[in-house]
Amino acid sequence: MDVTASRMTDQIFPIVAVGDSAEAHERMHVRPLDRKTIGSPFVDNPRMMCRDVDVFYGDKQAINKVSIDVGQNQVLAMIGPSGCGKSTFLRCLNRMNDTVSSCRVQGEISLDGIDIYHSSVDVVPLRARVGMVFQKPNPFPKSIYDNVAYGPRIHGLTRDKNELDEIVHTSLIKAGLWEEVKDRLREPGTGLSGGQQQRLCIARAIAVGPEVILMDEPCSALDPIATAKVEELIAELRTQFSIVIVTHAMQQASRVSQRTAYFHLGDLIEVGPTEKIFTNPGHKLTEDYITGRFG
Amino acid sequence: MIYPYIIPSILALSAGVYILGLRRAEKVATYSGGLSELHSLPTHYGVFAALCCAMPALLVLVLWMIFEEKVITSMVAGNLPADLLRQSANELTLVINEVKNVAFGGFTATSGNPAIEKAAVAYMAHLTSARNMVSILVVFCSIIPAWFAIKSIGKDLRARNLVEGAVRIVLFACAGVAILTTIGIVFSVMFEALRFFQAVPLTDFLFGLQWSPQIAMRADQAGSSGAFGAVPVLTGTFLIAMIAMLVAIPIGLLAAIYLSEYASSSLRNWAKPALEILAGIPTVVFGFFAALTVAPIIRELGTALGFTVSSESALAAGLIMGIMIIPFVSSLSEDVIHAVPQSMRDGSLALGATHFETIRHVVIPAALPGIVGSILLAVSRAVGETMIVVMAAGLSANLSFNPLATVTTVTVQIVTLLVGDQEFDSPKTLAAFALGLLLFVFTLALNFFALRVVRKYREHYE
């Protein structure tokens, strides 16, 4: 298979290039001895800071001493082969891993300077500040309106119906969905198309007024047109929120993000400005991955 | 005497025909250049031949079994002495029964009658020769079609389609049996109920406020004229079912939520089967627990608090019935709650909802159709339950909503109307069928309603 061709198509499972597959296989499955992250993992004035984060599932270590910053009003893309730990790491940022009983997190993750894993931190307001959009659109079996109003209602953000209407309205506008659904707010959210459902989930996350939005492969279940719309939306949302996106599609990472982090078998190999990662990667593994030599 | 072994014989024959069909198909395949040349797999040809062997034979056999009794009886009855034949139809049936009793060596009071002895011998003779003939017919009906079937096996015979068609017919027949049985039950109840409504007007039955079915059987007997108002019986049923649901719905549902959402998997793995044991306890055991343990406690408690409590109360029966149907609610609800996709919970938790908010606003609404289904099943169970009520709630039909009083239910009345010596043309006995019909209509409406609810909400998450 042509290397450039596999780069061009946003493959979810890029195919190992013919010719050096044995070598690629070895690179993919053997951890580099040098575990130091290269590039620029830290930024000035970060929104979230992660220092020496280890994640274990039972005895198995899934994330190994990862340190990285999430900058203000920028999109951080996390790429890497399947099973490299990028989704696990993403779920640490709003403590969604708490729901997995065998999962254990060490190290420090802070939001605006406060350690989110500290015993005094309540996970409920944390998740209101760090929202999340999932791989598969998961609207609730409720009306479109109730889906968006869900967060504001449980957090008591509004005093009356008008304020709630206003939040639903602005959230749907920000999510680029208002024009499509304004006449059928009372219809079930599950009746929308896949792309609309995913934007509804984004509107639902926005409605709570988060500071950071985590996106776990938000477009992998969508067709190209819906993907383009969501990507456009991410670019707009950046002006108000900090966004961390996990993606398998390298094209997508290069289109929507300002910084890109490359994960490999639980290690953070390289972080840098997206342009630099995709044109002049500093690490051999990064280069092999983005040129499609393994996936 | 091949007749007793006729079914095993047919099966053995079919097995042989299956192998013959298989062999022949393989032979055809070898001559025409490999298995891929055949229209179907060799096993299809084998099954096709075996079906051709077994099906016609079994059909003949079943038809014979249905009509055997009638055929033999008419043959015997024609030869009975004239004085026995002159009797009424009912008495003739009795005579025939005696003949059969003597023939099969059973107990009979008039075995001394020589005419009947003779008829019995004739009966046995007819039966034996007829069965022998049928056996031969059945064997022919299996061998001849099987022979044709094996002959017809060629590479173009569409055996696969034919076998698939036969499978479809068998499946249809099984579904048909269930439906026909239901229809049969409905009609048998309905005809008796119609006879009842000839004696008692429908409006009296549905709207009458007094239930007192004891009527005089003979003209000179002292007894009430009978009152067949079903309202007290129905209110008793509803009262007890309501008390039962008041116990079962909250406890069952909350237990289901605990088991599926909070309990560790190891706890759930033993707690759920333990709850289901409750459903395995015979209702009669629940009944005497209610009558001997719970009812006295309720009476003592009530009396201490200054209420008048009868020793058999709707409350005792309802409480225990509620306990009995907890597993119906909890087990089914647990299954549907567990089936709500994790992505729903994640979506809610990621918005900062607490665990209980997630359950209340997302999980329960998503599982609602299944929960409603489980509750309606439990209601049907409560309405149809008899034993606990007989033992713990009493028999007198009071029109009362007081849970401390003695009440009775539809099913209990059916039982009391039908036990003991009864004549089947008095309204008293026929009232049982009218009550049965009423109960059937009620549970049918409930099921219909349940299906509607489930269909309405079914597609909501996916």
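All figures in this text were calculated on a predicted structure; none of them were measured in a lab.

*Asks:* Even after reading the chapter, I still don't get the overall build of chain B, so can you show me in this structure?
*Replies:* The secondary structure content of chain B amounts to 16 helices and two strands. At 31 Å, chain B has a C-alpha radius of gyration far larger than the 23 Å of a compact globule built from 462 residues. Projected onto its principal axes, the C-alpha coordinates of chain B cover approximately 85 × 80 × 40 Å. The burial tally for chain B puts 41% of its 462 residues in the buried class. Long-range contacts, defined here as pairs at least 24 residues apart, represent 71% of the contacts in chain B between residues at least 6 apart. Per element, the accessible surface of chain B, about 24,700 Å² overall, is 69% carbon and sulfur. Taken as two groups, the 26 positive and 27 negative side-chain charges of chain B have centres that lie 10 Å from each other.

*Asks:* How do you make sense of the overall build of chain A when you look at a structure like this?
*Replies:* When helices and strands are tallied, chain A shows twelve helices and eleven strands. In chain A, buried positions account for 55% of the 295 residues. Pairs at least 24 apart in sequence give 70% of the contacts found in chain A among residues at least 6 apart. Counting every atom, chain A has about 12,500 Å² of accessible surface; 52% of that belongs to carbon and sulfur.

*Asks:* Sorry, what's going on with the sheet that holds strand S3 (residues 60-71) of chain A here?
*Replies:* Residues and elements named next belong to chain A. Ordered in space as S3-S2-S5-S6, the four strands form an open sheet in which the pairing is antiparallel. Whereas interior strands pair on both sides, the edge strands pair on one side only; in this sheet they are S3 and strand S6 (114-115). For strand S2 (residues 46-57) and strand S5 (residues 103-111), the ladder comprises eight bridges, and the chain directions are antiparallel. Counterpart to Phe56 in the pairing with S5 is Arg104.

*Asks:* Explain the domain arrangement of chain B here, please?
*Replies:* Many descriptions give the size of an interface as the accessible area lost when the pieces come together. Structurally, chain B comprises domain 1 (3-157) and domain 2 (227-460). The straight-line distance from the C-alpha centre of domain 1 of chain B to that of domain 2 of chain B is 48 Å.

*Asks:* Looking at this structure, I do not really get the packing of helix H6 (residues 161-174) of chain A against helix H8 (residues 194-207) of chain A. What am I missing?
*Replies:* Geometry of a packed helix pair, given as the angle between the helix axes and the separation of the axes. All names here are of chain A. The geometry of H6 relative to H8 is characterised by a closest axis approach of 8 Å and an angle of 130° between their N-to-C directions. Classified by the angle their axes make, H6 and H8 are oblique. Viewed along their axes, H6 and H8 form a crossing whose handedness is right-handed. Facing Ile167, Ser171, Leu172 and Lys174 of H6, the residues of H8 in contact are Leu200, Ala203, Ile206 and Ala207. A class-by-class count of the residues in the contact of H6 with H8 yields six nonpolar, one polar and one charged.

*Asks:* What's the story with the sheet that holds strand S11 (residues 267-273) of chain A in this structure? I'm lost.
*Replies:* Adjacent strands of a sheet form backbone hydrogen bonds with each other and so pair up, either parallel or antiparallel. Residue and element names in this part refer to chain A. Judged by pairing direction, the sheet is mixed, and its seven strands sit side by side in the order S1-S11-S10-S4-S9-S8-S7 without closing on themselves. Looking at which strands have only one partner, the edges of the open sheet turn out to be strand S1 (38-39) and strand S7 (130-133). Note that strand S4 (residues 75-79) and strand S9 (residues 242-246) share four bridges and pair parallel. Within S9, the position partnered with Ala77 by the bridge is Ile245.

*Asks:* Explain the pairing of S2 of chain A to me, please; I cannot follow it from the model alone.
*Replies:* A regular strand places its side chains so that they alternate between the two faces of the sheet. Residue and element names in this part refer to chain A. Two elements, S2 and S3, share eight bridges in a ladder whose sense is antiparallel. By the bridge assignment for S3, Val55 is matched with Ile63. If you look at the hairpin formed by S2 and S3, you'll find two residues sitting between the two strands, and Gly58 has a positive phi there, around 65°.

*Asks:* Help me out: how do you make sense of the interface of chain B and chain A in this one?
*Replies:* Taken residue by residue, the interface counts 19 residues in chain B and 23 residues in chain A. Scanning the region where chain B abuts chain A turns up zero salt bridges. Where chain B touches chain A, the interface holds four residue pairs in polar contact (both at pLDDT 80 or more). Among the secondary structure elements, those contributing two or more residues to the side of chain B that touches chain A are helix H12 (342-350) and helix H13 (355-384) of chain B. With seven residues, the top contributor of residues to the side of chain B that touches chain A is H12 of chain B. Taken together, the residues of the side of chain B that touches chain A break down into nine nonpolar, eight polar and two charged.

*Asks:* Any chance you could explain helix H5 (residues 144-155) of chain A here in plain terms?
*Replies:* Turn by turn, an α-helix covers 3.6 residues, leaving residues three or four places apart pointing in a common direction. All names here are of chain A. Of all twelve residues in H5, nine are buried; the element is thus mostly enclosed. Within the span of H5, buried status applies to Ile144, Tyr145, Asn147, Val148, Ala149, Tyr150, Gly151, Pro152 and Ile154. Following H5 by one or two positions, Gly156 has its phi on the positive side, about 60°.

*Asks:* What is the right way to read unusual backbone geometry from this model?
*Replies:* Negative phi is the rule for most residues except glycine; trans is the rule for most peptide bonds. A positive phi angle is found at Asn73 of chain A, which is not glycine, with a value near 45°. Take Asn73 of chain A: it is sitting in the loop between S3 and S4.

*Asks:* Which parts of the structure should I look at to understand a nonpolar patch on the surface?
*Replies:* A cluster of nonpolar side chains, namely Leu59, Val62, Leu63, Ile66, Phe67, Val71 and Met75 of chain B, defines an oily patch on the protein surface of about 630 Å² accessible area. Looking at the secondary structure, you find Ile66 of chain B in helix H2 (residues 42-78).

*Asks:* How should the pattern of salt bridges be read in this particular structure?
*Replies:* When the charged atoms of two side chains with opposite charge come close together, those side chains can pair. Residues and elements named next belong to chain A. Counting across every chain of the model gives 20 salt bridges over all chains. Here Arg199 and Glu180 are joined by a salt bridge, their closest N and O atoms 2.9 Å apart. Here Arg199 is found in helix H8, whereas its partner Glu180 is found in helix H7 (residues 178-181), with 19 residues between them in sequence. Taken together, the shared-partner salt bridges in this structure form one network comprising Arg47, Asp112, Arg129 and Glu211.

*Asks:* Sorry, what's going on with the packing of H12 of chain B against H13 of chain B here?
*Replies:* Residues and elements named next belong to chain B. Taken N-terminus to C-terminus, the directions of H12 and H13 make an angle of 125°; their axes are 9 Å apart at the nearest point. With respect to H13, the axis of H12 lies oblique. Crossing angle aside, the handedness with which H12 passes H13 is right-handed. Contact residues: Met344, Arg345, Ser348 and Leu349 in H12; His355, Thr358, Val362 and Val363 in H13. The residue makeup of the contact of H12 with H13, split by class, is four nonpolar, three polar and one charged.

*Asks:* Is there a simple way to think about the state of the cysteines in this case?
*Replies:* Working definition of a disulfide: a covalent bond connecting the sulfur atoms of two cysteines. Residues and elements named next belong to chain A. Throughout the structure, instances matching the rule amount to zero disulfides over all chains. Free cysteine Cys50: the closest other cysteine sulfur is in Cys92, separated by 8.3 Å. Residue Cys50 is classed as buried on the basis of its relative accessible area, which comes to 0%. Free of any disulfide, Cys103 has its nearest cysteine sulfur in Cys92, 5.9 Å distant.

*Asks:* Would you take a moment to explain the side chain of Asp69 of chain A for this structure?
*Replies:* Mapped onto the fold, Asp69 of chain A is located in strand S3. Looking at Asp69 of chain A, its side chain comes within polar contact range of the side chain of Arg51 of chain A, at 2.9 Å.

*Asks:* I keep staring at the packing of aromatic side chains and nothing clicks. Help me out?
*Replies:* The geometry of an aromatic ring pair comes down to the distance between the two centres and the angle between the two planes. Residue and element names in this part refer to chain B. Enumeration according to the criterion identifies eleven aromatic pairs over all chains in this entry. Aromatic pair Phe196 and Phe228: ring centres 5.4 Å apart, planes at 80°, arrangement edge-to-face. Taken together, the residues span a long stretch of sequence, with Phe196 in helix H6 (residues 159-199) and Phe228 in strand S2 (residues 227-228) at a distance of 32 residues. For the pair Phe196 and Phe228, one class covers both residues: buried. Taking 5.9 Å as the distance between ring centres and 85° as the angle between the ring planes, the aromatic pair formed by Trp211 and Phe228 counts as edge-to-face.

Calculation notes
- Residues numbered from 1 in each chain as written.
- Chains lettered and ligands numbered in written order.
- Predicted model: local features only at pLDDT ≥ 70, side-chain atom pairs only at ≥ 80, totals over all residues.
- Heavy atoms only, no water.
- Helix = DSSP H or I, 4+ residues; strand = E, 2+ residues; numbered from the N terminus.
- Rg over C-alpha atoms; globule rule 2.2 N^0.38 Å.
- Buried < 20%, exposed > 50% of the residue type's maximum accessible area, 1.4 Å probe, protein only.
- Contact = heavy atoms within 4.5 Å.
- Areas by Shrake-Rupley, 256 points an atom, 1.4 Å probe, with all protein chains shown as cover.
- Lys, Arg positive; Asp, Glu negative; His and termini not counted.
- Charge placed at Lys NZ, Arg CZ, Asp CG, Glu CD.
- Pairing = 2+ DSSP bridges.
- Domains from an automatic or database assignment.
- Axes fitted to C-alpha atoms, helices over the stretch in contact; angles between N-to-C directions.
- Parallel < 35°, antiparallel > 145°, perpendicular 65-115°, else oblique.
- Left-handed = near helix turned anticlockwise from the far one by under 90°.
- Nonpolar A, V, L, I, M, F, W, Y, C, P; charged D, E, K, R; others polar.
- Salt bridge = Lys/Arg side-chain N within 4 Å of Asp/Glu carboxyl O.
- Polar contact = N/O pair within 3.5 Å; in protein donor to acceptor, adjacent residues only side chain to side chain.
- Patch = residues over 30% accessible without salt bridge, like charges linked within 9 Å, V, L, I, M, F, W, Y side chains within 5 Å.
- Disulfide = S-S within 2.5 Å.
- Phe/Tyr/Trp six-rings, centres within 6.5 Å; stacked < 30°, edge-to-face > 60°.

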